[in-house]
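# Coordinate analysis (summary)
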Amino acid sequence: MNKKMIVYILGKMLGIEGLLLLIPGIVAILYREENATAFFITSIILFVFYLLFGRKKPDDTGIYAKEGFIIVAFAWVLWSVFGSLPFVISGSIPSYIDAFFETVSGFTTTGSTVLNDIESLSQGMLFWRSFTHWIGGMGVLVFVLAFIPLTDKRSIHLMRAEVPGPAVDKLVPKVRSTAKILYGIYIILSLILTILLMCGGMSFFDSLIHMFGTAGTGGFSNKSASIGYYNSVYIESVITIFMILFGINFNMFYFLLIKKFTPIFKSEEVRAYLGIIVLATVIIAFNILSIYGAHLEAFRYAVFQVASIITTTGYATADFDLWPQLSKSVILVIMIIGACAGSTGGGIKVSRLIILYKTVRQEIKHILHPKSVSIVTIDKKRVDVDTIHGVYTYFIAYVLIFVLSVILISIQNIDFPTTFSAVLTCINNVGPGIAGAGPTQSFHDFSIFSKVVFCFDMLAGRLELFPFLIIFSPSLWRSKF
């Protein structure tokens, strides 16, 4: 294991986080806020770590899958550990555990919050809180790879350990070029969204905040009522469309740019993703029709909540915890499904569910016709055995972590719907659940122990379980470096 390269990349990344913290510091200065110093103090601390560990590149810069997993896992943890300091230093969130929870929720684009009065935060803190969504949306390592070369050897392992989905491939031969393309698309969509929100009457600051949350599919708002505060069909429509777009595999946008339309139209994952959105919207719209009285009004609230939950963004225009049980059940199901692989969304991912469905169908066919030979395909391409095995293993690990987390949170003796949905929303990086974890509630009243469990779930869910779980493996630390 290349221990020196691991330390070097982590040191470099802490320095980059220190630079990023200067941005909310400048925002705080522009708004003449005293807590601007909290960002600069944290930035100085991080710069010291950079000077100690991130300046001198080792002679051997090669990394393998093991190093990739370790770097990604520790990068996310360390960025959250230090990213929470401005909240604590400024007194905005005095409890470090609460600040850590809020920061983890930000970077993992979960959007769950411990805050009961969001508007009480300063503009600088609100900016940093939402900015973490935008950074974490595409991945902190992908962000760094796009702009700063960390390693020339096998850096694909960093992307494979961080980018969500069953498999990750390069769009072009060089990994850094792939990262640049992904971030280029990400930035262009973000700029378009910001402009459209401003056209709808949002201030520039509010547009940035909600662009960060939509692009990163995170859901932090600077309003306690979330998007419902604006009560604007135009704003809801724009955000709905872009939530759905950011939930699509970014490879599709690349194909669009190079005018290769066939892979887009033939993508089974995209078709299934859009089909689930349509079906869930229709079911919920009819189910809540008696509440809103008019078909268009019911559709308006249904489609926004469906887009928000399946993309794991977590914005809300209505308290869906007050909806009929059928609607809440559909919401919980799409919360688990999540968005497409290679998107900024969370959840199990549509592609994994397609593979699971086709594998089960293949097994049934094999039982009925033992001598038949069939293979699992997606987009008419064979899914290799390793990918299928990886999907099985992921699903088993997902269920085990979910069950264990529910048991651990149950120690606090909170009602089951709250406990169940709180764990579900954290591990799927959604944000709001139901009951005591609903869209109008917060995670403030959970115990310190519960919040630590939630942080584990959020990080594990965002990193597709294994890159985060591997650091808890005893065999890893028994290995010789």
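Everything below is about the structure shown above.
Note on numbering: residues in each chain are counted from 1, in written sequence order. Totals for whole chains, interfaces and linings use all residues, but because this is a predicted model, local features are given only for residues with pLDDT of at least 70 and pairs of side-chain atoms are given and counted only at 80 or more. With hydrogens and water stripped out, all remaining heavy atoms of the structure feed into the side-chain values.

### Overview of the overall build of the protein
Each helix corresponds to a stretch of at least 4 residues labelled H or I by DSSP, and each strand to a stretch of at least 2 residues labelled E; elements are numbered beginning at the N terminus. Each helix and strand in the protein was counted, giving 24 helices and two strands. Taken over C-alpha atoms, the radius of gyration comes to 22 Å for the protein, in line with the 23 Å a tight globule of 481 residues would show. For the C-alpha atoms alone, the extent of the protein along its principal axes is close to 60 × 55 × 50 Å. Residues classed as buried in the protein amount to 58% of the 481 residues present. Note on contacts: a residue pair is in contact if any heavy atoms of the two residues lie within 4.5 Å. Pairs at least 24 residues apart make up 71% of the contacts formed inside the protein by residues separated by at least 6 positions. The globule rule used here is 2.2 Å times the number of residues to the 0.38 power, and the radius of gyration it is set against is calculated over C-alpha atoms. Buried, partly exposed and exposed residues are distinguished by accessible area as a fraction of the type maximum, computed with a 1.4 Å probe on protein chains only: under 20%, between the cut-offs, and over 50%, respectively.

### Digging into helix H4 (residues 65-83)
In a helix, the anticipated span is given by 1.5 Å times the number of residues less one. In this model, H4 (19 residues) spans 27 Å end to end at C-alpha, consistent with the 27 Å of a helix rising 1.5 Å per residue. Among the residues of H4, Glu67, Gly68, Ile70, Ile71, Val72, Ala73, Ala75, Trp76, Trp79, Ser80, Phe82 and Gly83 are the ones counted as buried.

### Looking at the packing of helix H7 (residues 123-138) against helix H11 (residues 204-215)
Lines fitted to C-alpha atoms define the axes, with helix axes restricted to the stretch in contact, and inter-axis angles between N-to-C directions lie between 0 and 180 degrees. At their nearest, the axes of H7 and H11 sit 7 Å apart, and the two run at 30 degrees to each other. The orientation of H7 with respect to H11, classified from their angle, is roughly parallel. Of the two possible hands of crossing, H7 and H11 adopt the one that is left-handed. Contacts between H7 and H11 involve Gln123, Leu126, Phe127, Ser130, Phe131, His133 and Trp134 from the former and Phe205, Leu208, Ile209, Met211, Phe212, Gly213 and Ala215 from the latter. Note on residue classes: Ala, Val, Leu, Ile, Met, Phe, Trp, Tyr, Cys and Pro are nonpolar, Asp, Glu, Lys and Arg are charged, and everything else, Gly too, is polar. Grouping the constituent residues of the contact of H7 with H11 by class yields ten nonpolar, four polar and no charged. Any angle that is under 35 degrees is reported as roughly parallel, and any over 145 degrees as roughly antiparallel; angles of 65 to 115 degrees are reported as roughly perpendicular and all others as oblique. By definition, turning the near helix anticlockwise from the far helix through less than a right angle yields a left-handed crossing, and turning it clockwise yields a right-handed one.

### What to know about the pattern of salt bridges
When their charged atoms lie close together, side chains carrying opposite charge are able to pair. Any Lys or Arg side-chain nitrogen located within 4 Å of an Asp or Glu carboxyl oxygen qualifies as a salt bridge. Going through the model one piece at a time under the given rule, you end up with eight salt bridges. For the salt bridge of glutamate 464 with arginine 352, the shortest nitrogen-to-oxygen distance reads 2.6 Å. Here the residue glutamate 464 occupies a position in the loop between helix H22 (448-462) and helix H23 (466-469), and arginine 352 occupies one in helix H19 (residues 350-368), the gap between them amounting to 112 residues. Take glutamate 464 and arginine 352: they sit in the same class, and that class is buried. Residues joined in a network through salt bridges with shared partners are Glu236, Glu297 and Arg300.

### Considerations on the packing of aromatic side chains
Each pair of aromatic rings taken from Phe, Tyr and Trp, with Trp reduced to its six-membered ring, is defined by centres within 6.5 Å and is described as stacked if the planes are under 30 degrees apart, edge-to-face if over 60, and tilted in the remaining cases. Within the structure shown, the criterion is met by 34 aromatic pairs. Taking 5.5 Å as the distance between ring centres and 35 degrees as the angle between the ring planes, the aromatic pair formed by phenylalanine 101 and phenylalanine 443 counts as tilted. Taken together, the residues span a long stretch of sequence, with phenylalanine 101 in helix H6 (residues 96-107) and phenylalanine 443 in the loop between helix H21 (416-427) and H22 at a distance of 342 residues. Across this residue pair, the class does not change: phenylalanine 101 and phenylalanine 443 are buried. For the ring pair tyrosine 254 and phenylalanine 255, a centre distance of 6.3 Å and an interplane angle of 50 degrees mean the geometry is tilted. Under the relative-accessibility criterion, tyrosine 254 is labelled buried at 15%. We count a charge as sitting over a ring when the NZ of a lysine or the CZ of an arginine lies within 6 Å of the ring centre and within 35 degrees of the ring normal. Lysine 223 extends its terminal NZ or CZ atom over the ring of tyrosine 229, reaching a point 4.6 Å from the ring centre.

### Overview of the nonpolar core
What is meant by a nonpolar core is a set of buried Ala, Val, Leu, Ile, Met, Phe, Trp, Tyr and Cys residues, joined one to another through side-chain atoms within 4.5 Å. Counting 139 residues, the largest nonpolar core has Tyr273, Phe443 and Phe454 as its most contacted members. Phenylalanine 454 has contacts with Phe101, Ile409, Ala422, Val423, Cys426, Phe443 and Phe446, leaving out every residue within four places of it along the chain.

### Let's talk about helix H17 (residues 295-310)
With 16 residues, H17 ought to run about 22 Å at 1.5 Å a step, and its terminal C-alpha atoms sit 22 Å apart, in line with that. Summarising burial for H17: twelve of the 16 residues are buried, a large majority. Ala298, Arg300, Tyr301, Ala302, Val303, Phe304, Gln305, Val306, Ala307, Ser308, Ile309 and Ile310 are the residues of H17 that are buried. Considering only its buried residues, H17 is in contact with helix H12 (233-246), helix H15 (268-287), helix H16 (289-292) and helix H18 (325-337). Where H17 terminates, the next one or two residues include threonine 312, which has phi positive at roughly 60 degrees.

### A look at the environment of valine 350
By secondary structure assignment, the location of valine 350 is in helix H19. For the pair valine 350 and isoleucine 337, spaced 13 residues apart in sequence, the C-alpha separation works out to 6.1 Å. If we skip the residues at most four places from it in the chain, valine 350 touches Glu269, Ala272, Tyr273, Ile337, Gly338 and Ala339.

### Re the environment of asparagine 222
Mapped onto the elements, asparagine 222 comes out in the loop between H11 and H12. Taking the C-alpha atoms as reference points, asparagine 222 and isoleucine 209, separated by 13 residues in sequence, lie 7.0 Å from one another. Those residues in contact with asparagine 222, other than ones at most four positions away along the chain, are Ile118, Glu119, Leu126, Phe205, Asp206, Ile209, His210 and Tyr230. What qualifies as a polar contact is a pair of N or O atoms within 3.5 Å, subject to a donor-acceptor requirement within protein and to the restriction that residues adjacent in sequence count only when both atoms come from side chains. Within the structure, the side chain of asparagine 222 is placed 2.7 Å from the side chain of aspartate 206, a separation counted as a polar contact.

### Quick look at unusual backbone geometry
Look at asparagine 231: it is not a glycine, yet its phi comes out positive at around 45 degrees. By the element assignment, asparagine 231 lies in the loop between H11 and H12. Of the residues examined, asparagine 231 reaches a relative accessible area of 55% and is grouped as exposed. Look at alanine 435: it is not a glycine, yet its phi comes out positive at around 55 degrees. Looking at the secondary structure, you find alanine 435 in the loop between H21 and H22.

### What to know about the side chain of serine 343
Among the secondary structure elements, serine 343 is positioned in the loop between H18 and H19. From its side chain, serine 343 meets the backbone oxygen of glycine 247 in a polar contact 3.5 Å long. A polar atom in the side chain of serine 343 sits 2.7 Å from the backbone oxygen of cysteine 340.

### A short note on a nonpolar patch on the surface
On the surface, Val7, Ile44, Val48, Leu52 and Phe53 cluster together into a nonpolar patch covering about 460 Å² of accessible area. Counting residues per element, the nonpolar patch draws most heavily on helix H3 (residues 36-53), at four residues. Counting through the fold element by element, leucine 52 comes out in helix H3. Overall, leucine 52 belongs to the exposed group, its relative accessible area being 60%. Each patch is built from salt-bridge-free residues with over 30% relative accessible area, joining like charges within 9 Å and nonpolar side chains (Val, Leu, Ile, Met, Phe, Trp, Tyr) within 5 Å. Methods summary: accessible areas were calculated by the Shrake-Rupley approach with a probe of 1.4 Å, and residue burial reflects only the protein chains presented.

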